[in-house]
Amino acid sequence: MIAPPKIERGPWIMGILNVTPDSFSDGGRHADVRAAVDAALRMESEGADVIDVGGESTRPGAAPVPVAEEIARVLPVIEGIRRRSGVTISIDTMKPAVAREAMDAGATIWNDVNALREETALELAADMGCDVVLMHMQGEPRTMQANPKYDDVVADVMAFLRARAHAAMQAGIAAEKIWIDPGIGFGKTLAHNLALTRAVGALKEETGFKLLYGASRKSFIGRIDPAATDARERLGGSLAAAIRAVSLGADMLRVHDVRETVQAMRVWRAMEEGAA
Ligand code: 8Y4
C-alpha cells in the first residue's frame, strides 16, 4: 500500500517525469540521469506523493521504443531516485519486461496506459504485488486520435475499466491495489474528454475503485483555448480540470506542475472545509 496523500483529505499528486530524448535522457548519459533525478526530487519537495517515470512517448505519431532502449532510459533514473529518496515511484510502461526491471529497482506502481492487456502483464503484476493503474485507451497511441468514436463514451469506458479490473482480480491482484483511469486524450475528442470528466463521480461510485485523473497540459485544453498552442501555456486549464475532477472524487492527479497543483488543492480544500 502507498502512503496517504500529503494534502490532508486532498488527492495524491503524481508528478510526471518523462525520460525521453526530447526531455531528459537519451539512454543513461550521466548528466541526463542527474537532471532527471533532480527534477524528481524537486517535485517531491513541491508536494508530489508519487513520481511517474516514463521512457516511452505515447504521443500520437511517436515511434515505438525497443524494450532494451526503454529500460536503458528509465532504470538509471529509478535507481537514482531510490538512492536519494523514499518517494513512491511508478513506472509508466506498456511492457512487462520494463515493469519488472523498474519494480526490482524500487518502483511500486505500474502505470499502464494499455491496462495490462499485454501477454503476461496481469500475471507479472500479481506476482510483483504492485499497485496497478488501468487506463482506458481506444486504439493505439500512433493512430488513436484519427477518428475516435463511441456509442456512449461513459458507458464504453466504464465497461472497459470494469472488465480490466475484473481480469486483474482474477489474476490475483487485490482490489485495493487497483486504480482506474478514464484516459483523457487517449482516443478521445474534446466532447469525449468533457463527458468523461463529468463522469468521474459515476466511474468511482459504480466501480468502487480508486480513480486517477490525468489532464495536465493535454491538447483538449488547447482546443478550448486555441491560443495555448504550446503545452506549457495550459496551466490554467490544467488546474481547472484538476479541481473539477477532485470535486467529483478523483483520488490521484497526474500532473506536470506539482507546486501549482498542490497550491490549488490546498485552496480548494480550505474552501470545502471552511479552514486552511
Ligand atoms: C501535453 C502534455 C500534451 C502531455 C500531451 C500530453 C496519462 C498517463 C499519459 C493519463 C495515466 C500525456 C502515461 C500523455 N497520460 N497515464 N500517461 N493517465 N495513468 N500527454 O492520463 O501526458 S502520457
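Residues numbered from 1 in each chain as written. Predicted model: local features only at pLDDT ≥ 70, side-chain atom pairs only at ≥ 80, totals over all residues. Heavy atoms only, no water.

Caption draft 1: Structural detail: the side chain of E56. Mapped onto the fold, E56 is located in the loop between β2 (50-54) and α2 (67-84). The class for E56 is buried, based on a relative accessible area of 12%. (Helix = DSSP H or I, 4+ residues; strand = E, 2+ residues; numbered from the N terminus. Buried < 20%, exposed > 50% of the residue type's maximum accessible area, 1.4 Å probe, protein only.)

Caption draft 2: The sheet that holds strand β1 (residues 12-18), seen in detail. The 8 strands lie next to each other as β1-β2-β3-β4-β5-β6-β7-β8, forming a closed barrel whose pairing is parallel. On average, each strand axis in the sheet is inclined to that of its neighbour by 25 degrees, with strand direction left out of account. Packed on one face of the sheet, helix α5 (residues 153-170) meets β5 (131-135) and β6 (178-181) and runs near 150 degrees to β5. Packed on one face of the sheet, helix α10 (residues 258-273) meets β1 and β8 (252-255) and runs near 165 degrees to β1. (Pairing = 2+ DSSP bridges. Axes fitted to C-alpha atoms, helices over the stretch in contact; angles between N-to-C directions. Contact = heavy atoms within 4.5 Å.)

Caption draft 3: Structural detail: the nonpolar core. Grouped together as the largest cluster of nonpolar side chains are 74 residues, with contacts concentrated most on L17, V53, I81, W110 and Y213. Looking at which element gives the most residues to this core, the answer is α5, with 8 residues. With 9 residues, the next largest nonpolar core counts I109, V133, W179 and M252 among its residues. (Core = buried A, V, L, I, M, F, W, Y, C linked by side-chain atoms within 4.5 Å.)

Caption draft 4: Structural detail: unusual backbone geometry. Positive phi, close to 55 degrees, is recorded for A115, a residue that is not glycine. For A115, the position within the fold is in the loop between β4 (109-112) and α4 (121-128). Given the relative accessible area of 0%, A115 is considered buried. Phi at T120 is positive, roughly 75 degrees, even though this residue is not glycine. On the secondary structure map, T120 appears in the loop between β4 and α4.

Caption draft 5: Region of the structure containing the packing of α2 against helix α3 (residues 96-104). Their axes nearest at 10 Å, the elements α2 and α3 cross at an angle of 20 degrees. It follows that α2 is roughly parallel to α3 by the angle criterion. Of the two elements, α2 crosses α3, and the hand of that crossing is right-handed. Between α2, through V67, E70, I71, V74, L75 and I78, and α3, the contact on the second element is made entirely by A97, V98, E101 and A102. In terms of residue class, the contact of α2 with α3 is made up of 8 nonpolar, no polar and 2 charged. (Parallel < 35°, antiparallel > 145°, perpendicular 65-115°, else oblique. Left-handed = near helix turned anticlockwise from the far one by under 90°. Nonpolar A, V, L, I, M, F, W, Y, C, P; charged D, E, K, R; others polar.)

Caption draft 6: Focus on the environment of R162. In this structure, R162 sits in helix α5. Accessibility expressed as a relative area gives 34% for R162, which makes it partly exposed. R162 sits 139 residues away from S23 along the chain, and the two C-alpha atoms are 34 Å apart. Dropping the residues within four chain positions of it, R162 is found in contact with E206 and T207. In this structure the side chain of R162 is engaged in a polar contact, spanning 2.9 Å, whose partner is the backbone oxygen of E206. (Polar contact = N/O pair within 3.5 Å; in protein donor to acceptor, adjacent residues only side chain to side chain.)

Caption draft 7: Structural context of the pattern of salt bridges. For the structure shown, the criterion picks out 15 salt bridges. Residue R100 pairs with D127 through a salt bridge whose shortest N-O separation is 4.0 Å. Taken as a pair, R100 in helix α3 and D127 in helix α4 lie far apart in primary sequence, 27 residues in all. The class of R100 is partly exposed, set by a relative accessible area of 37%. E273 is paired through a salt bridge with R269; the nearest N and O atoms lie 3.1 Å apart. One end of the pair is E273 and the other is R269, both in helix α10 and 4 residues apart, which spans about a single turn. One salt-bridge network, in which partners are shared between bridges, spans R9, R269 and E273. (Salt bridge = Lys/Arg side-chain N within 4 Å of Asp/Glu carboxyl O.)

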